[in-house]
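Fold and geometry: a report
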Amino acid sequence: MLHVRLAPGPAPRNLSRRWDSSAYLHSWCSVPCPSRLSLSRTYSIKSSSIGSATGLCLGQCCRIKPLSCKCKLGRSSQPPPDSRQHFSASSSASEAVLTAQSDIRKLFVANEKIGVLLLNLGGPETLDDVQPFLFNLFADPDIIRLPRVFRFLQKPLAQFISVARAPKSKEGYASIGGGSPLRQITDAQGEALMEALCGKDIPAKVYVGMRYWHPFTEEAIEQIKKDGITKLVVLPLYPQFSISTSGSSLRLLESIFREDEYLVNMQHTVIPSWYQREGYIKAMTTLIEKELLKFPKPQKVMIFFSAHGVPLAYVEEAGDPYKAEMEECVDLIMEELEKRGMANPCTLAYQVNTSHADTPCILRKQLQYSLAFAITIQMGILCSVHR
Ligand SMILES: C=CC1=C(C)c2cc3[nH]c(cc4nc(cc5[nH]c(cc1n2)c(C)c5CCC(=O)O)C(CCC(=O)O)=C4C)c(C)c3C=C
Ligand SMILES: [Fe+2]
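Within each chain, residue numbers correspond to sequence positions counted from 1 in written order. Written order decides the labels, with chains lettered from A and ligands numbered from 1. Only residues with pLDDT of 70 or above have their local features reported here, since the model is predicted, and side-chain atom pairs are shown and tallied only from 80 upward, although totals for entire chains, interfaces and linings are computed over all residues. The basis for every side-chain value is the complete set of heavy atoms in the structure, and neither hydrogens nor water enter the calculation.

- As recorded in an unreviewed UniProt entry, the chain goes by Ferrochelatase and comes from Triticum urartu.
- UniProt lists a comment for the chain under the heading Sequence similarities (unreviewed entry), and it reads "Belongs to the ferrochelatase family."
- UniProt positions are given in the numbering used here, feature names are shortened, and annotations may be inferred rather than shown by experiment. Quoted verbatim from the Catalytic activity (unreviewed entry) field of UniProt, the annotation for the chain is "heme b + 2 H(+) = protoporphyrin IX + Fe(2+)".

Quick look at the structure:
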């Protein structure tokens, strides 16, 4: 069995703020592990002992080289091309010493079918979907956290709030074309990921599982089973971990896995957060840099990081690492920007209400004291729409 750690991101500036996301990295074992997706203790992050193995266990150590791959997002009922046809093995002992690049190829063992499950929030596709979408959202105990004794009120409360909120929410969705673009954007990201994996000779099928609207996580899992996937990578599309986002999706996934023999025996790994990964930091910095260069005096522009807010109790009482990860992420982006010769002023603010309307107010206040121009960077989810 070969253990390879994920390449660490850049060293954090302030170690005391760092939450070790590797505690959530579940091993991908070559032997059946009892309950590999065990995220029930997601909340007690401070005392978490989940995933004692912090390495990525890559199964059989043999040199496997995929020959070709076809890309298609995992929605059809057709099984993917038999991966057996795509691999040929070489048994040279000298190849036992691996580079990080070739390690990833070792994930692929003859007879395996690889899947990547992208987890996201989901959004109403039409205005009629808004109220039932809101119901699903508010019925989630990771969004509205009631004391255990009042849990029986979760659904009636969700019904009440969703009906009350729907008109305002509909207005918002109407203003961006009558529905959420999240599904289309996520599908496009899935296609792009599949192509990128193809480019690395990794034939994988990508699935999208939404938490509150179609395609629901349950639908994605059904497809994964139909396709006979044998190894699964679970990737929440939230760079920073929060109880209310990745935590909720992973908790649901855990409950689905727990009751299903196929899933329990399927090898899988979970990437709980990836805000510190070099590729993400560099990509964000490049986006910011491009925007800055559009201004006549780029160095005078303030960078305003606008992050989705979470209730303070999540952070202070439940140990949600979201705030710490967000701050570290902003630090890393700013460090990267400095390395590229740009030392702009920056601010990080959290949106406090769910309609995300506070950003312009905070921004306006900031600008009174500082500079004439600013760019806003939306944080907290890989794709997001400003209304
Ligand atoms: C009530 C609690 C909520 C918490 C906590 C929360 C955290 C949170 N949300 C996002 C990202 C998105 N949320 C979106 C919609 C949305 N979120 C809430 C509530 C909470 N979010 C509501 C009620 C809604 C519905 C829209 C509305 O009525 O305003 C969306 C948009 C989805 C879409 O339709 O495209 C995103 C994106 C993050 C990242 C986060 C915590 C880190
Ligand atoms: Fe939200």
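Once you've had a look at it, read on.
1. Considerations on the packing of aromatic side chains
- Note on ring pairs: Phe, Tyr and Trp rings are taken, using the six-membered ring of Trp, and paired if centres are within 6.5 Å. Classes follow the plane angle, with under 30 degrees stacked, over 60 edge-to-face and the rest tilted. Applying the stated rule across the entire model yields four aromatic pairs.
- Relative to Phe 216, the ring of Trp 213 has its centre 6.1 Å away and its plane inclined at 65°; by these criteria the two rings are edge-to-face. Judged on exposure class, the residue Trp 213 and its partner Phe 216 are both buried.
- Think of it as a cone above the ring: NZ of Lys or CZ of Arg counts as a charge over the ring if it is within 6 Å of the ring centre and within 35 degrees of the ring normal. The cationic tip of Arg 145 hangs over the ring face of Tyr 314; the distance from NZ or CZ to the ring centre is 5.2 Å. Think of it in three bands: residues with accessible area under 20% of the maximum for their type are buried, residues over 50% are exposed, and the middle band is partly exposed, with areas taken using a 1.4 Å probe on protein chains only.

2. Structural notes on the sheet that holds strand S10 (residues 346–351)
- In this scheme, strands are said to pair when DSSP sees at least two bridges between them. For helices the rule is a DSSP run of H or I covering at least 4 residues; for strands it is a run of E covering at least 2, with both sets numbered from the N terminus onward. Taken together, three strands build an open sheet; the order of strands is S10-S9-S11 and the sheet is parallel. Pairing within the sheet leaves two strands with one partner each, and these edge strands are S10 and strand S11 (374–379). Averaged over neighbouring strand pairs, the angle between their axes works out to 25° when direction is ignored.
- Bridge analysis of strand S9 (residues 302–308) against S10 gives six bridges, and the strand direction is parallel. Looking at the pairing, Phe 304 lines up with Thr 347 of S10.
- Set on the sheet, helix H8 (residues 278–292) makes contact with S9 and S11; between it and S11 the angle comes to about 155°.
- Here helix H10 (residues 322–339) sits on the sheet in contact with S9, S10 and S11, set at roughly 155° to S10. With axes taken as lines fitted to C-alpha atoms, and helix axes fitted only over the stretch in contact, angles between N-to-C directions fall between 0 and 180 degrees. Whether two residues touch is decided by their heavy atoms; if any such pair falls within 4.5 Å, the residues are in contact.

3. Some thoughts on the packing of helix H5 (residues 217–226) against helix H6 (residues 243–258)
- Across the interface, H5 lies against H6 with an axial gap of 11 Å and an inter-helix angle of 45°. In terms of orientation, H5 lies oblique with respect to H6. The handedness of the crossing between H5 and H6 comes out as right-handed. Contacts between H5 and H6 pair Thr 217, Glu 218 and Ile 221 from the former with Leu 252, Leu 253, Ile 256 and Phe 257 from the latter. Angle categories are assigned with fixed cut-offs, so that under 35 degrees is roughly parallel, over 145 is roughly antiparallel, 65 to 115 is roughly perpendicular, and the rest are oblique. By convention, the crossing between two helices is left-handed when the near helix turns anticlockwise from the far helix through less than a right angle, and right-handed when the turn is clockwise.

4. A word on the side chain of Thr 217
- Here Thr 217 lies in helix H5.
- With a relative accessible area of 0%, Thr 217 lands in the buried category.
- Pairs of N or O atoms within 3.5 Å make up the polar contacts considered here, provided that, within protein, one atom can donate a hydrogen while the other can accept it, and that residues adjacent in sequence are counted only when both atoms are side-chain atoms. Looking at Thr 217, its side chain comes within polar contact range of the main-chain oxygen of Met 210, at 2.9 Å.
- Residues within four places of Thr 217 in sequence aside, it is in contact with Leu 119, Gly 209, Met 210, Arg 211, Leu 252, Leu 253 and Ile 256.

5. As for the environment of Tyr 322
- The topology assignment puts Tyr 322 in helix H10.
- For Tyr 322, a relative accessible area of 3% puts it in the buried group.
- The residues touching Tyr 322, leaving out its near neighbours within four places in the chain, are Gln 240, Phe 241, Ser 242, Ala 307, His 308, Val 310, Tyr 350 and Gly 380.
- Within the structure, the side chain of Tyr 322 is placed 2.6 Å from the backbone oxygen of His 308, a separation counted as a polar contact.

6. Thoughts on a nonpolar patch on the surface
- Exposure above 30% relative accessible area and no salt bridge define the residues that can form patches, which grow by joining like charges within 9 Å and nonpolar side chains of Val, Leu, Ile, Met, Phe, Trp and Tyr within 5 Å. Using a 1.4 Å probe, the Shrake-Rupley method yields the accessible areas, and only the shown protein chains count as cover for residues. Any carboxyl oxygen of Asp or Glu that lies within 4 Å of a side-chain nitrogen of Lys or Arg is treated as forming a salt bridge with it. A cluster of nonpolar side chains, namely Val 149, Phe 150, Phe 152 and Leu 153, defines an oily patch on the protein surface of about 430 Å² accessible area.
- Assignment of secondary structure puts Val 149 in the loop between helix H2 (130–138) and helix H3 (154–175).

7. Here we look at the side chain of Lys 205
- Note on placement: Lys 205 falls in strand S6 (residues 204–210).
- Taking relative accessible area as the criterion, Lys 205 reaches 7% and is therefore assigned buried.
- Among the polar contacts made by the side chain of Lys 205, one reaches the side chain of Asp 227 at a distance of 2.9 Å.

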